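# Architecture and fold: a report
Below are the chains, spelled out letter by letter.
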Amino acid sequence: MTATDGFVLTAADLAGNGVHGDDPDLYGKFGIFGGRYVPEALIPALDEVAAEYAKAKVDVAFLREFDHLLRTYAGRPTTLTEVPRFAEQAGGARIVLKREDLTHTGAHKINNVLGQALLTKRLGKTRVIAETGAGQHGVATATAAALLGLECVIYMGAVDCERQALNVARMKLLGATVVPVHNGSQTLKDAINEAFRDWVTNVDRTHYLFGTVAGPHPFPEIVRDFARIIGVEARRQMLELTGRLPDAVAAAVGGGSNAIGIFHAFIGDEAVQLHGYEAAGHGISSGRHAATLTEGSVGVLHGSRTYVLQDEEGQTIDSHSISAGLDYPGVGPEHAWLKDTGRGTYHAITDAEAMDAFALLARTEGIIPAIESSHALAGALKLGRELGPEATILVNLSGRGDKDMGTAMKYFNL
Amino acid sequence: MTDSLEEFLIARRGTGRPLLVPYVTAGVTPGWTDVVHAYADAGADAVELGFPFSDPMLDGVTIQEASDRAIAAGTTVRGILEEVATLDVDVPLIAMTYSNLVVQQSAAEFCAALTASGLRGLIVPDSPLEEVGELADAAAAEGLDLVLLAAPSSSRARLREITERSRGFVYAVTRMGTTGERGEIPEQAARLGRELKELTDRPVLFGFGVSNQAQAAELAGHADGVVVASALMRKLLDGARPRELGEYVASIRRALGQGVR
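Here's what I pulled together on the structure shown here. This is a predicted model, so every value here is computed, not measured.

## Here's the deal with the sheet that holds strand β4 (residues 121–123) of chain B
Residue and element names in this part refer to chain B.
- Pairing in this closed barrel of 8 strands is parallel, and the strands run β1-β2-β3-β4-β5-β6-β7-β8 around the ring. Each strand of the sheet is rotated relative to its neighbour by a mean of 25°, with strand direction disregarded.
- Across 3 bridges, the pairing between strand β1 (residues 19–25) and strand β2 (residues 47–50) is parallel. Bridge pairing links Val 24 to Leu 49 in β2.
- Each of β1 and β8 (225–228) touches helix α12 (residues 242–256); the most contacted strand, β1, lies at about 160° to it.

This is the structure we're talking about:
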C-alpha cells in the first residue's frame with residue numbers, strides 16, 4: 001500500500017466511535033425518525049447490508065482499502081481555501097471553504113460510492129443500481145462500478161435525462177446502463193421508486209447503492225459514515241488554519257449527504273453552530289420550492305420516517321429548485337432529528353440568492369461552485385452578517401459548477 | 001354481518017372453497033363502487049380497495065397508473081370512506097395503502113375512520129414487522145384485521161412471527177418483485193405456501209402477479225386462495241366496464257371451484 005503515509009482512516013473516523021451518542025438505534029431510528037418502511041421482501045437484504053457493514057467498519061483491511069481509494073483515486077484529503085474577497089459581502093466574517101469540488105468526479109458523492117462499492121464486493125454481489133437526479137450520483141456510481149468491475153444500472157427520471165444529457169453521456173461512457181423513468185413526475189423521487197422495484201426483483205445479486213442519507217436503515221447511517229471524512233478532515237484543518245473551531249458550519253441540504261458529512265464530526269462541539277440550507281426555489285410563498293425541513297411535515301417516504309413535502313392527504317408534492325441536486329421532496333432522517341432537537345438550524349435559499357452567490361464566488365475567488373453548494377454560500381453570506389466580523393464560518397463547497405454551465409448560460413444570458 | 005374479516009374467511013374456507021379476493025383502486029373511475037358490487041356478485045370472498053398513494057414503491061406499472069389516475073381525479077381518504085359507507089355488499093372490504101397515508105393523523109384515528117365506514121381489514125405493504133407495532137395495536141383496538149405480508153425471502157423465524165401477528169389472513173407474496181401480471185408462477189411460491197400452512201391455521205392467500213384463471217387455480221392449490229389485482233386493473237384501465245370485470249372474476253371463481261355452499 002502506497003500513498004497512505006501519515007494518515008490511515010480509523011474506525012473512529014468512519015463512525016465517530018459512538019462518542020456523540022447520536023448513532024441510530026438498532027432499528028435505525030434517530031428519535032422518531034428513520035426506520036424501515038419497506039416491503040417485507042427487502043428486509044433480509046437490508047439486514048445483510050447492515051450486518052456486513054457492521055463487520056466492515058471495524059475491519060482494518062476494509063478501512064485501509066477505503067482510505068487508499070480516497071487518497072489515490074478520489075484525491076483526498078481535500079484542501080481548505082479561505083475566501084476573503086467573497087467574505088467582504090458577509091460583513092467581514094471569515095469564510096473558509098472545504099473543497100469537495102476538487103475530488104474526482106467533482107463532488108462529495110465519490111466518498112460514499114467508493115465505500116459502498118467496496119461493500120458490494122464484500123457482499124459478493126456483482127451488480128449495483130442507483131438513482132440519480134442531476135446525474136452526479138449516477139456518474140459517481142458508474143465511476144466506482146467501472147473501477148471495481150461491477151455491472152451498473154442507473155435509474156433517472158425522463159425529465160432529468162433530458163435536462164442533464166451530458167451526465168447521461170458520461171454514465172454511458174463509463175459503461176453504465178441508464179434507464180429513463182417515465183412514471184409520476186419523472187424526476188428523482190420516481191427514479192428512487194423504480195430503483196427499489198429493481199432491487200426487490202434482483203436483490204440476490206444486486207446492491208442498491210443509495211446516494212444520500214435518506215432511505216431505510218441502514219442507508220442513512222452508511223452513507224453518513226462514508227461521507228463523514230469531509231468533516232473529520234475539515235475539523236483538523238480548521239484547527240491548523242485558525243487555531244480554533246469555526247463558529248458555524250454551513251452546508252446545502254437536499255437529501256442531506258454533504259451536510260451530514262461535514263456536520264457529523266462537529267455535533268459534539270456544542271459551541272459550533274450547524275446550519276443547513278435548503279432550496280426555496282421561486283420562494284416559499286410561490287409553492288415552487290424544495291424546502292422540506294422548513295415547510296414540510298412528518299411523513300414516510302422512500303422507506304424512512306422524516307419530513308416530507310406533501311399535501312394534506314399525504315400525497316408527495318413535486319419539489320422545485322434550479323439545482324437538480326436539491327430538488328427532492330424528502331430529507332434524511334438524521335437531519336429531521338437534528339432539526340427537532342435544535343442541534344441543527346435549517347433555512348431556505350431562493351434560486352436567485354443561490355445564483356447571486358454562484359456568480360460572486362466565481363468573480364471574487366475564481367471558483368465556479370455547483371449550484372447546490374451555492375445555496376450554502378448564500379447562507380454563509382447572511383450568517384456572516386448576523387454573526388459579525390469576529391466569526392469564522394466553514395462552508396462545505398460540495399461540488400464544482402462545470403455541470404451547471406448550461407443553467408448558468410441561460411440564467412445569466414452568457 | 002358482524003364477523004371479523006378472519007372469522008368470515010375461515011367460515012368461507014370451511015365450505016371447501018378456495019378464497020378469492022379481487023382488488024380495485026378506489027377513485028380510479030367515477031363508478032368504481034360499481035366494480036366492488038360486481039366483484040361481490042361474481043363470487044368474491046372479500047374485496048381489496050386500494051387507497052392511492054403518489055409513490056407506491058411495491059407496485060408495478062398497472063397499479064401505479066391506476067393510483068395516478070385516481071389521485072389526479074381528486075380522490076381523498078375521506079372521499080373514499082364516505083363512498084364505502086354507502087356500499088351494501090355482503091363480503092368484507094379490506095383497505096390497502098402505504099404508510100404515509102396512515103401516519104397523516106395517527107394510526108388510531110386512521111383505523112377508527114376505516115372501521116366507522118365499515119372496512120374490516122387493512123394491508124400496509126411498507127410496514128414490516130419492525131414498524132408495525134403502533135399500527136397493529138391501533139387496529140386491534142378497533143377490531144380491524146391488519147394483514148401482514150410474507151415474502152419468499154423471509155426467514156423461517158420471520159414467517160413464524162408474521163403468521164402469529166397477522167390478522168384476517170396472511171398475504172403470501174408469490175415472487176420477489178412488484179405487483180403486476182407475469183407469465184408464470186415461480187417455484188418459490190409453492191415453497192412459501194407450504195411453509196406458511198405448516199406454521200398457521202390462519203387463511204393464507206397468494207398475491208402479486210396472479211394473472212389468469214389457471215394461475216389462480218394453481219396457486220390456490222398451495223394455500224387457501226388468491227388476491228387478483230393488476231390483471232383486473234389492466235382491464236379496467238383499458239376500458240372494461242364493471243359488468244365485464246365481474247364476468248372475469250366469475251371466470252376465476254369457476255376455475256377455483258365454488259365449494260359446497
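## Digging into the sheet that holds strand β3 (residues 80–82) of chain A
All names here are of chain A.
- Strand order in the open sheet formed by 6 strands is β3-β4-β14-β9-β10-β13, with mixed pairing between adjacent strands. Edge positions in the open sheet fall to β3 and β13 (344–350), since each of these has one partner strand only. Direction aside, neighbouring strands of the sheet carry axes that sit 25° apart on average.
- Taken together, the 5 bridges between strand β9 (residues 248–252) and strand β10 (residues 273–281) define a ladder with parallel strand orientation. Its bridge partner being in β10, Ala 250 is matched across the sheet by His 275.
- Contacts between helix α15 (residues 351–365) and the sheet are confined to β3, β4 (94–99), β10, β13 and β14 (392–397), with β13 contributing the most and set at about 90° to the helix.

## Things to note about the interface of chain A and chain B
- Contact with chain A, which involves 36 residues of that partner, is made by 34 residues of chain B.
- Together, the buried faces of chain A and chain B total about 2900 Å²; carbon and sulfur atoms form 51% of this surface.
- A per-residue breakdown of the area chain A buries against chain B is headed by Glu40(A), Arg197(A) and Glu313(A), which together make up 24% of the total.
- Taken together, the links from chain A to chain B amount to 22 residue pairs in polar contact (both at pLDDT 80 or more).
- Elements supplying a minimum of two residues to the side of chain A that touches chain B: α2 (43–56), α9 (188–202) and β11 (297–301) of chain A.
- A class-by-class count of the residues in the side of chain A that touches chain B yields 13 nonpolar, 12 polar and 11 charged.

## Let's talk about the environment of Asp204(A)
Residues and elements named next belong to chain A.
- Among the secondary structure elements, Asp 204 is positioned in the loop between α9 and β8 (206–208).
- For Asp 204, a relative accessible area of 65% puts it in the exposed group.
- Here the alpha-carbon distance between Asp 204 and Thr 126, two residues 78 residues apart in the chain, equals 9.7 Å.

## Re the pattern of salt bridges
- All told, the structure shown has 41 salt bridges over all chains when counted by the stated rule.
- Here Arg122(A) and Glu52(A) are joined by a salt bridge, their closest N and O atoms 2.9 Å apart. Taken together, the residues Arg122(A) in helix α5 (residues 109–122) and Glu52(A) in helix α2 connect sequence positions 70 residues apart.
- On the basis of relative accessible area, Glu52(A) is assigned to the buried category, the value being 15%.
- A salt bridge links Arg13(B) to Asp224(B), with the shortest nitrogen-to-oxygen separation between them at 3.3 Å. Taken together, the residues span a long stretch of sequence, with Arg13(B) in helix α1 (residues 5–14) and Asp224(B) in the loop between α10 (213–220) and β8 at a distance of 211 residues.
- A relative accessible area of 9% places Asp224(B) in the buried class.

## A word on the side chain of Glu372(A)
Residue and element names in this part refer to chain A.
- Here Glu 372 lies in helix α16 (residues 371–387).
- Given a relative accessible area of 10%, Glu 372 falls into the buried group.
- A polar contact of 3.2 Å, which involves the side chain of Glu 372, links it to the side chain of Ser 323.
- Not counting chain neighbours up to four residues away, the residues in contact with Glu 372 comprise Ala 252, Ser 323, Ala 324, Gly 325, Leu 326, Lys 403 and Asp 404.

## Section: the layout of surface pockets
Residues and elements named next belong to chain A.
- Its boundaries defined by the atoms lining it, the largest pocket holds a volume of some 410 Å³.
- In terms of lining residues, the largest pocket is bounded by 19 residues, among which Arg 163, Gln 164, Ile 322, Thr 407 and Lys 410 are the most central.
- When grouped by side-chain class, the residues that make up the lining of the largest pocket number 5 nonpolar, 8 polar and 6 charged.

## A closer look at empty space enclosed by the protein
- Applying the stated criterion across every chain yields a total of 9 cavities of 30 Å³ or more.
- In this structure, the largest cavity encloses a volume near 430 Å³.
- Residue lining of the largest cavity: 31 residues in total, with His108(A), Lys109(A), Gly325(A), Leu326(A) and Glu372(A) positioned closest to the centre.
- Mapped onto the lining of the largest cavity, the elements with two or more residues apiece are β5 (127–132), α6 (136–148), α9 and α12 (257–263) of chain A.
- Partitioned by chemical class, the residues of the lining of the largest cavity number 9 nonpolar, 17 polar and 5 charged.
- The volume enclosed by the second largest cavity comes to roughly 130 Å³.
- Along the wall of the second largest cavity there are 14 residues; nearest its centre are Glu48(B), Asp59(B), Met96(B), Tyr171(B) and Thr179(B).
- Tallied by class, residues from the lining of the second largest cavity come to 11 nonpolar, 1 polar and 2 charged.

Calculation notes
Residues numbered from 1 in each chain as written. Chains lettered and ligands numbered in written order. Predicted model: local features only at pLDDT ≥ 70, side-chain atom pairs only at ≥ 80, totals over all residues. Heavy atoms only, no water. Pairing = 2+ DSSP bridges. Helix = DSSP H or I, 4+ residues; strand = E, 2+ residues; numbered from the N terminus. Axes fitted to C-alpha atoms, helices over the stretch in contact; angles between N-to-C directions. Contact = heavy atoms within 4.5 Å. Buried area = accessible area lost by both parts, 1.4 Å probe. Polar contact = N/O pair within 3.5 Å; in protein donor to acceptor, adjacent residues only side chain to side chain. Nonpolar A, V, L, I, M, F, W, Y, C, P; charged D, E, K, R; others polar. Buried < 20%, exposed > 50% of the residue type's maximum accessible area, 1.4 Å probe, protein only. Salt bridge = Lys/Arg side-chain N within 4 Å of Asp/Glu carboxyl O. 1 Å grid on protein atoms, 1.4 Å probe; cavity = no way out; pocket = protein on both sides within 12 Å on 5 of 7 lines; lining within 4 Å. Points joined across faces, edges and corners; volume = space filled by probe spheres on them.

Remember, this is a structural readout, not a statement about activity or role.
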